[in-house]
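Residue strings, one per chain:
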Amino acid sequence: MKKFLINTSIFLVLAFLTVTGVFWEADGKTDPFYKRFTTDRQCSLILGTSRAAQSLLPEIFNSELNKVDFFNYSFTLGHSPYGPTYLKSIKKKLDHNSHDGVFIIAVDPWSISSKTVNPNDSLGFREVERILGKTSLVNYHPNFEYLINSYNSQYLDILIGGSDKMILHEDGWLEVTVDMDSDKVAERIKNKINNYNNQNLLAYHYSSYRYDYLGKTISYLKNYGKVYLVRLPIHPKMFEIEKLLLNDFDYRMNMLSETHKIPYFNLTNKNSQFQYTDGNHLYKESGKEVSRLISALILESQND
């Protein structure tokens, strides 16, 4: 019996060390989210869905605004629409000792809408059971909680490494590299527009509850620095779909801007000036341009 216990203990220790060793190898190619849960608390945040995750580069904002602390804490429409789950996670990620942060909140009609029968049914929100809802520890490396509860591939894949086509950088920017051949782009845009037009437009409904939580997110972040609302450029055909979903969206954002006395930068008047990978996301080179444009608008607003 004693020998059995010793052997079992040795096995468990070796298993633990093996798993720990594998987890230490998890990096920006592990999946599109993991690295954001492994860094320290942050002072300046970029928030939103996958549009912001792929399009807004902390490196550009740091350079243009003479800062060093920007971090992209954006995820996807299914993971980080505005609501209690996202705000709770933002509070965990934020450095509460900093009061000179800059917060860029990317907004669009989908981010304040719900894919539920009752758009204000917070208990039915999808993100509650997803990574932001399940990950209570957002500043640890390796993040055992995330890798055990939310990593969806085999652990062997961590050692093998992922593709260079999708890399999550240390500052939270998700770099996506795709074939930008005009025919390939046109096909992706066609498929994305059809998906949003025939599925998402029917499934999503404006949520006053999410809208209120966007306001609460703004109010909270104002305690730690300056807040800017931004509507990113999108493909003109996607813009037409968004007008069908919520045609008074900009009015609602302007109301938040006035209520909270923060700027609202609506860049959809520049939709035709940029490249898109699929009609929904800016190509990374256009993302750099848009990041510089937003930085210039921020500097301009500070001088008013």
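Counting restarts for each chain: residues are numbered from 1 in the order of the written sequence. Local features are withheld for residues below a pLDDT of 70 in this predicted model, meaning they are given only at 70 or higher, and side-chain atom pairs are given and counted only at 80 or more; totals for whole chains, interfaces and linings count all residues. In computing side-chain values, all of the structure's heavy atoms are included and hydrogens and water are not.

Enquirer: Would you take a moment to explain helix α10 (residues 236–245) for this structure?
Expert: Side chains that are three or four residues apart share a direction in an α-helix, a result of its 3.6 residues per turn. We call a residue buried when its accessible area falls under 20% of the maximum for its residue type, exposed when it is over 50%, and partly exposed in between, using a 1.4 Å probe and counting protein chains only. Think of it this way: any DSSP run of H or I at least four residues long counts as a helix, any run of E at least two long counts as a strand, and we number them from the N terminus. The set of residues buried in α10 consists of M238, F239, I241, E242 and L245. Buried residues along α10 cover an arc of 160° about the axis, so they all sit on one side. Turned more than 90 degrees from where α10 packs its buried face, K237 and L244 sit exposed. Starting at the helix axis, one direction is taken to each C-beta atom, and the arc is that of these directions.

Enquirer: What is the right way to read the side chain of S98 from this model?
Expert: Position of S98 among the secondary structure elements: in the loop between α4 (84–93) and β3 (101–106). Classification of S98 as buried rests on a relative accessible area of 9%. Polar contacts involving the side chain of S98 include one to the side chain of D100, which spans 3.2 Å. Only heavy atoms enter the contact rule, under which two residues are in contact if any of them lie within 4.5 Å. Apart from residues no more than four positions distant in its own chain, S98 is found in contact with C43 and Y224. Identification of polar contacts relies on pairs of N or O atoms within 3.5 Å, with a donor-acceptor requirement for protein atoms, meaning one able to donate a hydrogen and the other able to accept it, and with residues adjacent in sequence counted only if both atoms are side-chain atoms.

Enquirer: Looking at this structure, how should I read the packing of aromatic side chains?
Expert: The description of an aromatic ring pair uses the distance of the two centres, along with the angle that the planes make with each other. Aromatic contacts are taken between Phe, Tyr and Trp rings whose centres are within 6.5 Å, Trp giving its six-membered ring; a plane angle under 30 degrees counts as stacked, one over 60 as edge-to-face, and the others as tilted. Counted under the stated rule, the structure contains 18 aromatic pairs. Ring centres 6.2 Å apart and planes at 35° place the aromatic pair F33 and F75 in the tilted group. In this pair, F33 is assigned in the loop between α1 (2–24) and β1 (44–47) and F75 in the loop between β2 (70–72) and α4, connecting sequence segments 42 residues apart. Ring geometry for F37 versus Y73: centroids 6.4 Å apart, planes at 80°, classification edge-to-face. Here F37, found in the loop between α1 and β1, pairs with Y73, found in the loop between β2 and α4; they are 36 residues apart in sequence, far enough to count as distant. One exposure class covers both F37 and Y73, and it is buried. Taken together, the ring pairs in this structure connect F33, Y34, F37, F71, Y73, F75, Y82, Y86 and Y146 into an aromatic cluster. In our convention, an over-ring charge means Lys NZ or Arg CZ found within 6 Å of a ring centre and within 35 degrees of that ring's normal. Positioned above the aromatic ring of Y220, the side-chain terminus of K91 is 5.0 Å from the ring centre. The positively charged end of K216 is found above the aromatic ring belonging to Y213, 4.3 Å away from the centroid.

Enquirer: Can you walk me through the pairing of strand β8 (residues 225–231) in this structure?
Expert: Side-chain positions along a regular strand alternate between the two faces of the sheet. Burial analysis of β8 places six of its seven residues in the buried class, the great majority of the element. Pairing between strands is defined by DSSP: at least two bridges between them are needed. Relative to strand β9 (residues 264–266), β8 runs parallel, the two being bridged by three bridges. Residue pairing in the sheet places V230 in a bridge with F265 of β9.

Enquirer: Would you mind showing me how to read the packing of helix α3 (residues 58–65) against helix α12 (residues 284–303) here?
Expert: For any two helices packed against each other, the geometry is given by the interaxial angle and the distance between the axes. Fitted lines through C-alpha atoms give the axes, limited to the stretch in contact for helices. The angle between two N-to-C directions lies from 0 to 180 degrees. In the contact formed by α3 and α12, the axes pass within 9 Å of each other and the chain directions differ by 35°. α3 and α12 meet at a crossing whose hand is right-handed. Of the residues in α12, those touching α3 at I60, F61, E64 and L65 are K288, S291, R292, I294, S295, I298 and L299. Residues that form the contact of α3 with α12 fall into these classes: six nonpolar, two polar and three charged. Here a crossing is taken to be left-handed if its near helix is turned anticlockwise relative to the far helix by less than a right angle, and right-handed if that turn runs clockwise. Lys, Arg, Asp and Glu make up the charged group, whereas Ala, Val, Leu, Ile, Met, Phe, Trp, Tyr, Cys and Pro make up the nonpolar group; the residues left over, Gly among them, are polar.

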